[in-house]
Amino acid sequence: MYNEGLIGGGFMTDIVSSLIDELGADMVLTGEDVSSRQAGFFARSGVQAKALVRPRTTADVSRALKFCYDNDQSVVAHGGLTGLVMSAVTAPDDVAISLELMNEIEEINTVDRTAVVQSGVVLQALQEEAEKRDLMYPLDLGGRGSCTIGGNISTNAGGNRVIRYGMTRDMVLGVEAVLADGTIVSSMNQMIKNNAGYDLKQLFIGSEGSLGIVTRAVLRLREAPRERATLMVAVDEFEKLPNLLKHLDSELGGTLSAFELMWNNYYKLVTTRPAQNTAPMAQDYPFYVLVEAIGCDADRMENILADAWEQGIVVDAVIAQSESQRMQLWGIRDDV
Ligand SMILES: Cc1cc2nc3c(=O)[nH]c(=O)nc-3n(C[C@H](O)[C@H](O)[C@H](O)COP(=O)(O)OP(=O)(O)OC[C@H]3O[C@@H](n4cnc5c(N)ncnc54)[C@H](O)[C@@H]3O)c2cc1C
């Protein structure tokens, strides 16, 4: 969100002290407390910003944004800083607003299968809380241990189950956000089937913080899977990949949930020391695909795979026989 800031040493100090007066010293970090934080997933340097604000409530976010708006101060939202396009990187004259303390899972409704969360909740924390209740939040990606629900919403993250459950957009039922001038916009819809009026949340999903800061959300949960088959297959020609996808999708009758393609050079890199993964199959195939089918058991998958083998679509395959083998296969895909 860009409210152009004025530049100048004295003024900058003034604005930071006014920000502290407005929000309280415990909410505003400055100096080394800011620069000692890593600026992003690929960044080698620390965060550069005049100050970093850590609100706890939507009202705090509103006060912080209103102050910055009234003082022509540019603002950048910080989630888990796992974004791969540097959109959360701040310049020295920016103020960062980190949602890290807004990390409460307010409610999980096991009957309606919804979760109400603050936007700083870490994706993995929500996944685990849902699992404890035999539910699943289907979004999953390698940055799960750090990325936040607000960041997922703002980037409309796809993740590794997009083929079955869609993008983040398909998992968000409602959103609360604060506009640049501090106005709170609430559209915390709880229903799947709702075609009443404008669907305001869609504006904030995928807008990278440019229209406002997402503070809370209502998310759709699913029943936890009772079975799943996870495997890695090797393919010798690129042209066979669409056929493999078609074969699996049609034979699995809608249960295909992940189809993650890896090229030979990536596979080799992440299965050779110093990487931690061991190669489950030879390292000289041109393509590898991590396949997962939520709702399919390993026996059925074996038959489907045998057909693919006979048709010459796959040249090698490994099916996970335990949860730890499943995690090993996913470790290869996630080791970005
Ligand atoms: C190992 C790894 C694997 C990944 N895999 C995938 C993948 O499979 N699919 C995929 O789509 N992406 C993937 N990503 C990128 C993905 O988009 C981000 O990891 C994640 O969605 C960003 O969340 P974050 O909390 O880290 O956001 P940040 O990086 O902190 O921010 C991202 C953007 O959102 C804005 N923002 C953050 N929080 C808010 C908020 N509350 N309100 C408004 N704006 C906000 C920021 O200003 C910035 O513009 C991956 C990243 C990593 C590191």
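Predicted, not measured: the structure shown is a model, and the values here were computed from it.

Parameters at a glance
Residues numbered from 1 in each chain as written. Predicted model: local features only at pLDDT ≥ 70, side-chain atom pairs only at ≥ 80, totals over all residues. Heavy atoms only, no water. Near = heavy atom within 4 Å. Polar contact = N/O pair within 3.5 Å; in protein donor to acceptor, adjacent residues only side chain to side chain. Areas by Shrake-Rupley, 256 points an atom, 1.4 Å probe, with all protein chains shown as cover. 1 Å grid on protein atoms, 1.4 Å probe; cavity = no way out; pocket = protein on both sides within 12 Å on 5 of 7 lines; lining within 4 Å. Sits in = over half its atoms within 2 Å of the grid points. Helix = DSSP H or I, 4+ residues; strand = E, 2+ residues; numbered from the N terminus. Nonpolar A, V, L, I, M, F, W, Y, C, P; charged D, E, K, R; others polar. Domains from an automatic or database assignment. Contact = heavy atoms within 4.5 Å. Buried area = accessible area lost by both parts, 1.4 Å probe. Salt bridge = Lys/Arg side-chain N within 4 Å of Asp/Glu carboxyl O. Patch = residues over 30% accessible without salt bridge, like charges linked within 9 Å, V, L, I, M, F, W, Y side chains within 5 Å. Lys, Arg positive; Asp, Glu negative; His and termini not counted. Charge placed at Lys NZ, Arg CZ, Asp CG, Glu CD. Buried < 20%, exposed > 50% of the residue type's maximum accessible area, 1.4 Å probe, protein only. Arc of directions from axis to C-beta. Axes fitted to C-alpha atoms, helices over the stretch in contact; angles between N-to-C directions. Left-handed = near helix turned anticlockwise from the far one by under 90°. Pairing = 2+ DSSP bridges. Phe/Tyr/Trp six-rings, centres within 6.5 Å; stacked < 30°, edge-to-face > 60°.

(A) Representation of the site of the ligand. The ligand sits among 32 residues. The nearest are Ala77, Gly80, Thr82, Gly83 and Thr148. For the ligand, an oxygen atom lies 2.7 Å from a polar atom in the backbone of Ala77. Between the ligand and the protein, one listed contact pairs an oxygen atom with a side-chain N or O atom of Thr148 at 2.7 Å. For the ligand, the protein covers 91% of the area, taking 960 Å² as the surface of the free molecule. Most atoms of the ligand, that is more than half of them, are within 2 Å of grid points of the largest pocket. Sort the elements by how many residues they give to the shell around the ligand and helix 5 (residues 149-155) lands first, with 5 residues. Residue composition of the shell around the ligand, by class: 11 nonpolar, 19 polar and 2 charged. Each of domain 1 (9-98) and domain 2 (105-223) gives at least three residues to the shell around the ligand.

(B) Geometry of the domain arrangement of the chain. For the chain, the assigned domains are domain 1 (9-98), domain 2 (105-223) and domain 3 (228-334). Using C-alpha coordinates to define each centre, domain 2 is positioned 29 Å away from domain 3. Across the contact, 10 residues belong to domain 2 and 14 residues belong to domain 3. Three residues, Asn160, Ile163 and Arg164, lead the burial of domain 2 against domain 3; their summed loss comes to 63% of the area buried on that side. Applying the counting criterion to the domain 2 and domain 3 interface returns 1 salt bridge. For the salt bridge of Asp334 with Arg144, the shortest nitrogen-to-oxygen distance reads 2.7 Å. Here domain 2 and domain 3 share 4 residue pairs in polar contact (both at pLDDT 80 or more) between them. At 4 residues, helix 6 (residues 162-165) tops the list of elements feeding residues into the side of domain 2 that touches domain 3. Its residues assigned to classes, the side of domain 2 that touches domain 3 comprises 4 nonpolar, 3 polar and 3 charged.

(C) Here's a closer look at a negative patch on the surface. Negative charge collects at one region of the surface, where Glu227, Asp297, Asp299 and Glu302 lie side by side. Mapped onto the secondary structure, Asp299 falls in helix 10 (residues 298-310). The exposed category is assigned to Asp299, whose relative accessible area is 56%.

(D) Geometry of the pattern of salt bridges. Taken as a whole and judged by the stated rule, the model has 18 salt bridges. Between Asp199 and Lys201 there is a salt bridge, and its shortest N-O distance comes to 2.9 Å. Here Asp199 falls in the partly exposed class, since its relative accessible area comes to 38%. One continuous salt-bridge network, built from bridges that share partners, spans Arg228, Glu292, Glu323 and Arg326.

(E) Quick look at the environment of Gly254. Note on placement: Gly254 falls in the loop between helix 8 (240-251) and strand 13 (256-263). Aside from chain neighbours lying at most four places away, what touches Gly254 is Arg164 and Asp249.

(F) Structural view of helix 4 (residues 123-132). Leu123, Leu126, Gln127 and Ala130 are the residues of helix 4 that are buried. Within helix 4, the buried residues cover an arc of 100 degrees as seen down the axis, which keeps them to one side. If you follow the buried residues of helix 4, they end up packed against strand 5 (105-109), strand 6 (114-118), strand 7 (135-136), helix 5 and strand 10 (213-220). Asp134 occupies a position one or two residues after helix 4 and carries a positive phi of about 60 degrees.

(G) Quick peek at the packing of helix 8 against helix 10. Relative orientation of the contacting elements helix 8 and helix 10 amounts to 145 degrees, with a least axis distance of 11 Å. Here helix 8 and helix 10 pass one another in a crossing that is right-handed. Taken together, the residues of helix 10 that come into contact with helix 8 (itself represented by His247, Leu248 and Glu251) are Arg300, Ile304, Asp307 and Ala308. Here the contact of helix 8 with helix 10 is built from residues that sort into 3 nonpolar, 1 polar and 3 charged.

(H) Layout of the pairing of strand 5. By the bridge criterion, 4 bridges tie strand 5 to strand 6 in an arrangement that is antiparallel. Following the sheet pairing, Glu107 is matched in strand 6 by Val116. Hairpin connection from strand 5 to strand 6: 4 residues lie between these consecutive antiparallel strands, with Arg113 at a positive phi of about 60 degrees.

(I) How the structure looks around the side chain of Thr230. Structurally, Thr230 can be placed in strand 12 (residues 228-235). Here the side chain of Thr230 touches Glu292 through a polar contact of 2.6 Å, side chain to side chain. Discounting residues that sit within four places of it in the chain, Thr230 has contacts with Leu290, Val291, Glu292, Val318, Ile319, Ala320, Arg326, Leu329 and Trp330.

(J) Local environment of the packing of aromatic side chains. Evaluated as defined, the whole model comprises 6 aromatic pairs. Note on Trp263 and Phe287: the rings are 5.9 Å apart at their centroids and 80 degrees apart in plane angle, and the pair reads as edge-to-face. Within this pair, whereas Trp263 is found in strand 13, its partner Phe287 is found in strand 14 (residues 287-294), the two being separated by 24 residues in sequence. The partly exposed category is assigned to Trp263, whose relative accessible area is 44%. Using a relative accessible area of 10% as the deciding quantity, one classes Phe287 as buried. Pairing Tyr285 with Tyr288 gives two aromatic rings, centres 6.1 Å apart and planes at 70 degrees, and the pair type is edge-to-face. Just as Tyr285 is buried, Tyr288 falls in that class too.

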